[in-house]
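This is what each chain is made of:
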Amino acid sequence: MTRDTTDADTDRTDRRPTASRRRFMTGVAAATGVALAPAAADAGALDPVQGATLETVAEFEPPNLPENIATDGRGNVYVSMAPPREIWRVPPEGDPSSVAQIGPEDGEGSLLGIARTDDGTTYAALNSGVEDTHGVWRVPADGSPELLASIPTEGTFPNGVTDDATGDGVLVTDSARGLVWRATGDGASVWLDDPLLDPNPYASNPLGANGIGLGPAGDVYVANLSFGGLVRVSVNDDGSAGSPEVVVRSDQLIGADGVAVADDRTVYVAVNAQDKIARVAPDGTVATVASGGELAFPSDVHFGPGGDQSTLYVTNFSLPSFRAEDRQANPSLLRLDLGQAATTAEGETTATEGEGEPTTTTEAELTTTTESEATAAGETATGAETTTT
């Protein structure tokens, strides 16, 4: 998604809703129709990479849990708050505040992927399981949110969002079905359905296609959460999907969530279940840029405003800590100096090239998923019995 150079948003009232963790998690389970997975180990259990310093830009009060990131040309950073389904703006100076409510204030579901265009329009994926709200929303720079395209509710999980490279639509990953939708004002249609995007059926939470981003040549990169994979998809002249290929598949990427693609085709990945940020070189080599420390279930990464690729913003989704009532949650927006990190992480971790059949992932390797990945395939809107932990 191209970066915005305007900023016509009008601040909404700065609301920081509070709720008990138990009440909130019950609501999440009811919205998704499944039990949430056990919590992960403390983020601090892993040592951060030496020299890769993370700076806290903004902290949020639960149940405001930031899931995805976008930026504009004026230095503002935007985050989607899964609950309460709002878009917040974090200015270069000043306090963060809510600028848009997606769907009814008392509605269902979670706000996940967001992206902005040059004219200040924001696109957002709402996974509600409710026919009137489930799909892709459009927020004009000077208008009210509106549903751009509905996505069928049965067995779908709209998640990551990016430009479709043609300028008149957006691409949206479906983590449950393992495919990519194309959404325009005319509705939503399947853009790519390929086995490389499918969930791992042996995972405790079988979720596939997740984070999505455009490469410098207009190709599309998609992270596969439960297989720990990164897939590159060529794009035909008419905007249709070309042939997908695996860049890498590795245990080091199990839990791959949001992605950011640099001009040199290096891809940064938020690996939520492992509390780390990984870097995938064009040849498929994986390095750990930052891990543990301040990271608490990172769900997205995004380059700095104005195309600044020396800076990486990270959302601390912090869901496992929020779920565990004996631990303090730390939902926040972090900033990482990539110039500094590049000198400390090179070659630290390697991964196999993505060829051949995927390796089966054990139950223990997927003990946690984000709220945006807390649904087993096919259960989002079927009214299945809910179990809470």
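No experiment lies behind these values; they were computed from the predicted model shown.

**Student:** What's the story with the pairing of strand 16 (residues 229–235) in this structure? I'm lost.
**Tutor:** The side chains of a regular strand alternate, residue by residue, between the two faces of the sheet. With 5 of 7 residues buried, strand 16 is to be regarded as a mostly interior element. Across 5 bridges, the pairing between strand 15 (residues 220–224) and strand 16 is antiparallel. Across the sheet, the residue bridging to Asn224 is Gly229, located in strand 16. Here strand 15 folds back onto strand 16, and the loop between the two strands holds 4 residues, one of which, Gly228, carries a positive phi near 60°. Judged from the 6 bridges that link them, strand 16 and strand 17 (residues 241–249) form a sheet pairing that is antiparallel. Residue pairing across strands places Arg232 opposite Glu245, the latter belonging to strand 17. Taking the residues that link successive antiparallel strands as the turn, the strand 16-strand 17 hairpin has 5 residues, and the phi of Gly239 there is positive, at about 90°.

**Student:** Would you explain the sheet that holds strand 15 in this entry?
**Tutor:** What the 4 strands build is an open sheet, ordered 14-15-16-17; its pairing is antiparallel. Each having just a single partner strand, strand 14 (209–214) and strand 17 make up the two edges of the open sheet. Strand-to-strand twist across the sheet, computed as the mean angle between neighbouring axes with direction ignored, equals 25°.

**Student:** Can you help me understand the nonpolar core in this one?
**Tutor:** For soluble globular proteins, the rule of thumb is that nonpolar side chains tend to be buried together. Counting residues in hydrophobic clusters, the biggest one holds 16 residues, and the most contacted among them are Tyr268, Ile277, Leu295, Val301, Phe303, Leu312 and Leu338. Those elements that place two or more of their residues in this core are strand 19 (267–271), strand 21 (286–291), strand 22 (298–304), strand 23 (308–316) and strand 24 (332–337). Each residue touching Tyr268, except ones within four places of it in the same chain, is listed here: Gly258, Val259, Ala260, Ala278, Arg279, Val289, Val301, Phe303, Leu312 and Leu338. By size, the runner-up hydrophobic cluster in this structure holds 15 residues, among which are Val247, Val248, Ala256 and Val261.

**Student:** What is the right way to read the sheet that holds strand 24 from this model?
**Tutor:** Paired through their backbone hydrogen bonds, the strands of a sheet run either parallel or antiparallel. With antiparallel pairing, 4 strands are arranged side by side in an open sheet as 1-24-23-22. Each edge of the open sheet is held by one strand with a lone partner, namely strand 1 (54–59) and strand 22. Between one strand and the next, the sheet's axes are offset by a mean angle of 25°, whatever the strand orientation.

**Student:** Teacher, can you tell me more about the confidence of the model for the chain here?
**Tutor:** In low-pLDDT regions, the fine details of the predicted coordinates are not to be read closely. The share of residues in the chain with pLDDT of 70 or more is 74%, and the mean pLDDT across the chain is 80. Note on residues 1–8: pLDDT is under 50 here. Beyond four places in sequence and across chains, it has 43 contacts.

**Student:** Which parts of the structure should I look at to understand the packing of aromatic side chains?
**Tutor:** Each aromatic ring pair is characterised by the separation of its centres together with the angle its planes make. Summed over all chains, the structure comprises 2 aromatic pairs. Centre to centre, the rings of Phe60 and Trp88 are 5.9 Å apart; their planes meet at 90°, and the pair counts as edge-to-face. Of this pair, Phe60 sits in the loop between strand 1 and strand 2 (66–71) while Trp88 sits in strand 4 (residues 86–90), and the two are 28 residues apart along the sequence. As far as burial versus exposure is concerned, Phe60 and Trp88 are alike and both buried. Taking the centre distance of 6.0 Å and the plane angle of 85° together, the rings of Tyr268 and Phe303 count as edge-to-face. Of the two residues, Tyr268 sits in strand 19 while Phe303 sits in strand 22, which places them 35 residues apart along the sequence. Relative accessible area serves as the criterion here: at 9%, Tyr268 is assigned to the buried category.

Basis of the calculations
Residues numbered from 1 in each chain as written. Predicted model: local features only at pLDDT ≥ 70, side-chain atom pairs only at ≥ 80, totals over all residues. Heavy atoms only, no water. Buried < 20%, exposed > 50% of the residue type's maximum accessible area, 1.4 Å probe, protein only. Helix = DSSP H or I, 4+ residues; strand = E, 2+ residues; numbered from the N terminus. Pairing = 2+ DSSP bridges. Axes fitted to C-alpha atoms, helices over the stretch in contact; angles between N-to-C directions. Core = buried A, V, L, I, M, F, W, Y, C linked by side-chain atoms within 4.5 Å. Contact = heavy atoms within 4.5 Å. pLDDT = per-residue confidence, 0-100. Phe/Tyr/Trp six-rings, centres within 6.5 Å; stacked < 30°, edge-to-face > 60°.

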